[in-house]
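Fold and contact review
Single-letter residue listing:
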Amino acid sequence: MTEPNIAIALASSGLIPDGTPNAIVFPTIVSGIPQSLDFLFANAGSNTLVIADISLPPGFSLDSNLAAQLREGPFLLPPNQQRTIPITVFRITVGDIGGNFVVQSNDPDTAFYNFPIAATVIPSGAGAVDTNAIISQVTALGAPAPGTVANQIADGPVSSRLEGRQVYDLITAGQGYDLVFGFGGNDYLFGGRGSDT
């Protein structure tokens, strides 16, 4: 008798055993920025694999086209064929998330292929700020030299005109200025709590 045979792998590293207790961990997620990981679904059997449902924990999602297809009915994978399925994490709340990735199919030996997935969401802007790199970028965008900018920024908000630059948003760690941003063709550089260097 011919049967389908489901196998799921990480496109980057290999087979994920059904029922493994070891979570597939996504790269670190920055709050509000989606991050995807590619999973490879394969049918190693001799009959068509019918995937009826894919269940993911909160914060993880399927490609919108595949999700729409599964709402209308199963998707089919012919024998000896495979399909790459990206799973995306998008979350605002900071912290650890995870749960079971469950695939329901007509494989008689593995009707529910099941393994844990997990991710850590960190705050936007987390990590060290390279102030020198930011000052260099501001200068490259056409702002006055860093020393001039610093001299023009006293306690409280002040502004210095920039010419014809696109929108940019730079945050520093309190050296020279705290916040710099420009807008449109009539750009302004704003700063606060500057230094006199």
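Turning to the overall build of the chain, a few remarks are in order. Assigned secondary structure in the chain consists of three helices and 15 strands. In the chain, which comprises 197 residues, the proportion classed as buried is 34%. Looking at the chain alone, contacts between residues at least 24 apart form 69% of all its contacts between residues at least 6 apart. Taken as a whole, the chain presents about 10600 Å² of accessible surface, with 52% of it coming from carbon and sulfur.

Within helix H1 (residues 64–72), burial applies to Leu66, Ala67 and Leu70. Seen end-on, H1 carries its buried residues on one side only, within an arc spanning 100°. In H1, the exposed residues that point more than 90 degrees away from the buried face are Ser64, Asn65, Arg71 and Glu72. At the N-terminal end of H1, a side-chain oxygen is found 3.0 Å from the backbone nitrogen of Asn65, two or three residues along, and the residue is Asp63.

Let us now look at the packing of aromatic side chains. Applying the stated criterion across every chain, the model contains seven aromatic pairs. Here Phe39 and Phe101 contribute two aromatic rings whose centre-to-centre distance is 5.2 Å and whose plane-to-plane angle is 55°, an arrangement assigned as tilted. A residue pair is termed long-range when its members are at least 10 positions apart, and Phe39 in strand E5 (residues 35–43) and Phe101 in strand E10 (residues 95–105) qualify at 62 residues. Each ring, one from Phe41 and one from Phe101, has its centre 6.3 Å from the other, and the planes form 40°; the classification is tilted. One end of the pair, Phe41, is in strand E5; the other, Phe101, is in strand E10, with 60 residues separating them in the sequence. For Phe101, a relative accessible area of 0% corresponds to the buried category.

The next thing to look at is unusual backbone geometry. Not every positive phi belongs to a glycine, and Asn80 is a case in point at roughly 60°. Here Asn80 is to be found in the loop between strand E8 (75–77) and strand E9 (82–89).

Moving on, we come to the side chain of Thr88. Within the fold, Thr88 resides in strand E9. Looking at Thr88, its side chain comes within polar contact range of the side chain of Ser36, at 2.6 Å.

For the chain, per-residue confidence averages 74 on the pLDDT scale, and residues scoring 70 or more make up 63% of the total. Predicted confidence for residues 128–135 stays below pLDDT 50, and this span has 12 contacts to residues more than four positions away or in other chains. Within the model, the stretch residues 143–197 combines pLDDT values under 50 with 107 contacts to residues more than four positions away or in other chains.

Our next topic: the sheet that holds E5. Pairing is antiparallel in the open sheet, where five strands are placed in the order E2-E1-E5-E9-E7. Edge positions in the sheet fall to strand E2 (14–15) and strand E7 (60–62), since each has one partner strand and no second. Where strand E1 (residues 6–10) lies against E2, two bridges are found, and the strand directions are antiparallel. By the bridge assignment, Leu10 is partnered in E2 with Gly14. Helix-sheet contacts for H1 involve E7 and E9, and the interaxial angle to E7 is about 75°.

This part covers the side chain of Ser105. Along the polypeptide, Ser105 turns up in strand E10. Only 3.2 Å separates the side chain of Ser105 from the backbone nitrogen of Asp107, close enough to count as a polar contact. In this structure Ser105 touches Ile6, Leu49, Val50, Ile51, Ala52, Thr110 and Ala111, once residues within four positions along its chain are discounted.

Here we come to the pairing of E5. Across five bridges, E1 lies against E5 in antiparallel orientation. Bridging across to E5, Leu10 finds its partner in Phe39. Looking at chain direction, E5 and E9 are connected through eight bridges and run antiparallel. Opposite Leu40, over in E9, you have Thr84 as the bridge partner.

Conventions adopted
- Residues numbered from 1 in each chain as written.
- Predicted model: local features only at pLDDT ≥ 70, side-chain atom pairs only at ≥ 80, totals over all residues.
- Heavy atoms only, no water.
- Helix = DSSP H or I, 4+ residues; strand = E, 2+ residues; numbered from the N terminus.
- Buried < 20%, exposed > 50% of the residue type's maximum accessible area, 1.4 Å probe, protein only.
- Contact = heavy atoms within 4.5 Å.
- Areas by Shrake-Rupley, 256 points an atom, 1.4 Å probe, with all protein chains shown as cover.
- Arc of directions from axis to C-beta.
- Polar contact = N/O pair within 3.5 Å; in protein donor to acceptor, adjacent residues only side chain to side chain.
- Phe/Tyr/Trp six-rings, centres within 6.5 Å; stacked < 30°, edge-to-face > 60°.
- pLDDT = per-residue confidence, 0-100.
- Pairing = 2+ DSSP bridges.
- Axes fitted to C-alpha atoms, helices over the stretch in contact; angles between N-to-C directions.

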